[in-house]
Amino acid sequence: MFSCPHTLRSGLSAALLAAVLAFTGSDARAAETGATPRIDRVAGVEHGRDRVVQLPLSKSKIIDFEEDIRDVLVSDPKVADAVVRSSRRLYLIGNKFGTTNIVVFGGSGRPIANLELQVQVDTQALEGLLKRLLPRSDVRVEAVAGTVVLSGTVGSGGEAIQAYEVASKFVGAPIESGAGGSSGPSGATAGGMGGTSTAGSSIQVVNALTIRGKDQVMLKVTIAEVQRDIVKKLGIDLTSAITNGNWATALATSNPFPITPGYEMSTSATGRLNFGGGNSISGRLSALEQNGFLKTLAEPNLSALSGEQAQFLVGGEYPIPVANGNGSGGTTVSIEWKTYGIGLNFQPVVLDENRISLTVKTEVSELTSEGAVVFSSLTIPALRVRRASTTLEIPSGGAMVLGGLIKDDVKQALAGTPGLLKLPILGTLFRSRDFQRSQSELVIFVQPLVVRPVAAGQLERPDRNLQPAGDAAGYFLGRLNRMYRTVDRGQRGAYHGQYGYIYE
């Protein structure tokens with residue numbers, strides 16, 4: 001259907017007025033900022049050819065012709081408006097996302113231009129916004145058939161999600177829960193979903209960003225533990241034998257040590273007092289004082305990709321017998337193995353260049369006789385465990401301390417002859433004292449570092465240049481190795497003159 005310019009203006013008077021005001025405002029803003037509106041020109045050699053014109057939504061474009069315009073045909077006025085304000089100038093206004101066809105007729109009634117108009121998102125403004133927000137990323141924005149496609153590379157999955165959310169807000173599309181994922185080099189998506197956001201039939205946002213490469217995080221852990229044990233035992237056992245004619249009696253006291261029965265006495269003294277006639281009193285003094293000190297230090301280093309778990313264990317496994325019933329009513333014994341030692345489990349997630357989300361689980365365990373289970377002639381040891389787990393954000397190179405794992409146990413027991421053990425001074429002969437105090441403190445230092453692979457020549461082996469000593473040096477000089485250096489030798493020779501840090 002063809003319409004003359006006057007009919008088009010009367011039919012779209014409201015749209016024309018809005019367009020004129022919009023152009024006037026845009027021209028005024030352009031004049032204030034010193035920018036010149038861009039005007040496309042259609043030369044005579046382009047007449048009759050199809051021309052693709054991309055127009056941002058809610059914006060306008062000016063096209064000048066070398067011939068007078070007689071009529072304009074718009075296939076879908078809902079997508080765009082075409083307004084003729086002079087005989088050779090055409091104004092295009094984008095109303096909604098989509099494509100339409102505009103045919104321009106000249107003075108002789110023949111078509112002088114066929115414009116394939118695509119009303120899309122202002123990709124230049126969105127791309128500039130993403131470059132300002134993510135300066136370390138290379139994000140490209142393309143608009144195809146009502147769909148905004150984000151392509152290029154980003155540094156991490158967090159940047160991909162941020163770019164997706166900004167683009168969705170920019171075009172007015174809702175953000176789906178869990179969307180915004182980006183595909184890495186292997187094709188896996190980060191974020192949980194495909195990264196497509198829809199707003200009905202108006203527009204879609206497709207996240208096709210690629211992560212440049214997963215970061216690797218090395219975790220430096222220092223585990224330090226100090227233990228101190230104090231044991232004190234003191235007791236006197238008396239034995240007496242008294243005979244008077246046909247009457248004889250004997251008295252014996254044995255004072256137990258219920259807290260520390262496994263500790264052998266280091267000092268033992270016995271004495272005997274005879275009264276004649278076979279009468280005597282003997283005593284045995286047992287005493288022990290023991291101080292123990294233990295320092296445990298481990299420094300495991302472990303590397304893992306961002307988002308992946310890594311585990312570390314230095315220790316061993318001990319067997320535990322388990323009774324299982326069989327089908328014939330009997331019992332079979334199987335062995336289960338339990339691990340102990342120093343364990344580390346961590347999962348890093350690199351949020352950006354200076355932020356790491358870190359989940360750390362550490363455990364220090366050891367075998368102990370306290371709480372051991374004795375079954376028949378088999379003794380199953382118990383396990384003393386100190387465990388810590390946390391999740392936090394920390395910069396690369398920063399450190400955190402897991403402290404407060406302090407234990408202070410005090411045990412004391414008095415045992416003896418009832419009534420006599422409470423005497424002020426003589427009660428010492430009829431009682432024993434058992435005392436034990438155990439103190440320990442465990443501190444864990446954690447330091448994550450974003451690392452890069454290095455050449456094999458930059459690494460040092462711990463056994464580099466290790467050469468065992470010969471038989472002569474081993475027998476006569478007591479040497480175990482002849483040379484053991486992990487670095488190159490320096491210059492040999494002697495210093496002459498004054499040398500040192502400070503001298504006058």
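Residues numbered from 1 in each chain as written. Predicted model: local features only at pLDDT ≥ 70, side-chain atom pairs only at ≥ 80, totals over all residues. Heavy atoms only, no water.

Asker: Provide a residue-level description of helix H4 (residues 157-171), including the pertinent values.
Answerer: With 15 residues, H4 should reach 21 Å at 1.5 Å per residue; the first-to-last C-alpha distance of 22 Å fits that figure. Taken residue by residue, H4 has Glu159, Ala160, Ala163, Tyr164, Val166, Ala167, Ser168 and Val171 as its buried positions. (Helix = DSSP H or I, 4+ residues; strand = E, 2+ residues; numbered from the N terminus. Expected span 1.5 Å × (residues − 1). Buried < 20%, exposed > 50% of the residue type's maximum accessible area, 1.4 Å probe, protein only.)

Asker: Which residues make up the pairing of strand E22 (residues 331-352), and what are the values?
Answerer: Two elements, strand E21 (residues 310-325) and E22, share 16 bridges in a ladder whose sense is antiparallel. The residue of E22 that forms the bridge with Val322 is Ser334. Where E22 lies against strand E23 (residues 355-375), 10 bridges are found, and the strand directions are antiparallel. Residue Leu344 lies in a different strand from E23, and its bridge partner there is Thr362. (Pairing = 2+ DSSP bridges.)

Asker: Explain the side chain of Glu225 to me, using residue names and the numbers behind them.
Answerer: Relative to the assigned elements, Glu225 resides in strand E16 (residues 216-244). With relative accessibility at 2%, the residue Glu225 sits in the buried group. A polar atom in the side chain of Glu225 sits 2.6 Å from the side chain of Arg386. Beyond its immediate chain neighbours, meaning those up to four positions away, Glu225 contacts Leu294, Lys295, Thr296, Val364, Arg386, Ser440, Glu441 and Leu442. (Polar contact = N/O pair within 3.5 Å; in protein donor to acceptor, adjacent residues only side chain to side chain. Contact = heavy atoms within 4.5 Å.)

Asker: Account for the packing of aromatic side chains, with residues named and values stated.
Answerer: Applying the stated criterion across every chain, the model contains one aromatic pair. Between Tyr318 and Tyr340, the aromatic rings sit 6.1 Å apart at their centres with planes inclined by 55°, giving tilted as the arrangement. With Tyr318 in strand E21 and Tyr340 in strand E22, the pair connects residues that are 22 residues apart, well separated along the chain. Residue Tyr340 is classed as partly exposed on the basis of its relative accessible area, which comes to 24%. (Phe/Tyr/Trp six-rings, centres within 6.5 Å; stacked < 30°, edge-to-face > 60°.)

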